[in-house]
Amino acid sequence: MALFDQISKDIVEAMKAKDAVRRDTLRNVKKYFLEAKTAPGSNDELSDADALKILQKLAKQGRESADIFNGQGRADLAEAELAQVKVIEAYLPKQMSEAELEDALKAIVAELGVTNPSEMGKVMGVATKKLAGQADGRAISACVKKILS
């Protein structure tokens, strides 16, 4: 089942269960999906890859907002953001552990034959495509720097 259809189905289930956080979060996600579907050049379609990018972006924004709220002493708002992030993360693929990420990046570095840190861009280009959805860009960057130094 396409991610768009799954979200739509889960909104109905959240409404029946009277789960306000899940319902409101999924409605917000669906709003972004609909905007992407109706954007010029999208041909009224939304691939699962594009949907995952939107979900990752929303989860990242939620975590950043929670950090800001915590910094301002607004734990109540931070908790609300993190609750929404938790709902969104249920639709994202499992994130790689540090060890798995390091192993995958070592394989990519060996495959490309990169030996010095000045060629980090080559590794990042391939790694971000291969590991899309499985690891955060910052984590990939930090691990590549560690491997190449």
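As shown above, the structure is provided for reference.
Residues numbered from 1 in each chain as written. Predicted model: local features only at pLDDT ≥ 70, side-chain atom pairs only at ≥ 80, totals over all residues. Heavy atoms only, no water.

Enquirer: Break down the environment of Asp5 for me, citing the residues and quoting the values.
Expert: Relative to the helices and strands, Asp5 resides in helix α1 (residues 3-16). Here Asp5 falls in the partly exposed class, since its relative accessible area comes to 42%. Distance from Asp5 to Glu119, taken between C-alpha atoms, is 41 Å for residues 114 residues apart in sequence. (Helix = DSSP H or I, 4+ residues; strand = E, 2+ residues; numbered from the N terminus. Buried < 20%, exposed > 50% of the residue type's maximum accessible area, 1.4 Å probe, protein only.)

Enquirer: Talk me through the packing of helix α3 (residues 48-71) against helix α4 (residues 75-89); I want residue IDs and the actual numbers.
Expert: The axes of two packed helices give the description: the angle between them and the distance between them. Viewed as axis vectors pointing N to C, α3 and α4 meet at an angle of 165 degrees, and their least axial separation amounts to 8 Å. With respect to their mutual orientation, α3 and α4 come out roughly antiparallel. Both α3 and α4 take part in a crossing whose hand is left-handed. Contact residues: α3 offers Leu55, Leu58, Ala59, Gly62, Arg63, Ser65, Ala66, Phe69 and Asn70, while α4 offers Ala75, Leu77, Ala78, Glu81, Leu82, Val85, Ile88 and Glu89. Taken together, the residues of the contact of α3 with α4 break down into eleven nonpolar, three polar and three charged. (Axes fitted to C-alpha atoms, helices over the stretch in contact; angles between N-to-C directions. Parallel < 35°, antiparallel > 145°, perpendicular 65-115°, else oblique. Left-handed = near helix turned anticlockwise from the far one by under 90°. Contact = heavy atoms within 4.5 Å. Nonpolar A, V, L, I, M, F, W, Y, C, P; charged D, E, K, R; others polar.)

Enquirer: Outline the packing of helix α5 (residues 98-112) against helix α7 (residues 137-148), supporting the account with residue identities and numerical values.
Expert: Taken N-terminus to C-terminus, the directions of α5 and α7 make an angle of 60 degrees; their axes are 10 Å apart at the nearest point. Looking at the two axes, α5 sits oblique to α7. Of the two possible hands of crossing, α5 and α7 adopt the one that is right-handed. Facing α5, whose interface residues are Leu101, Glu102, Leu105, Lys106 and Val109, α7 presents Ala139, Ile140, Cys143, Val144, Lys146, Ile147 and Leu148.

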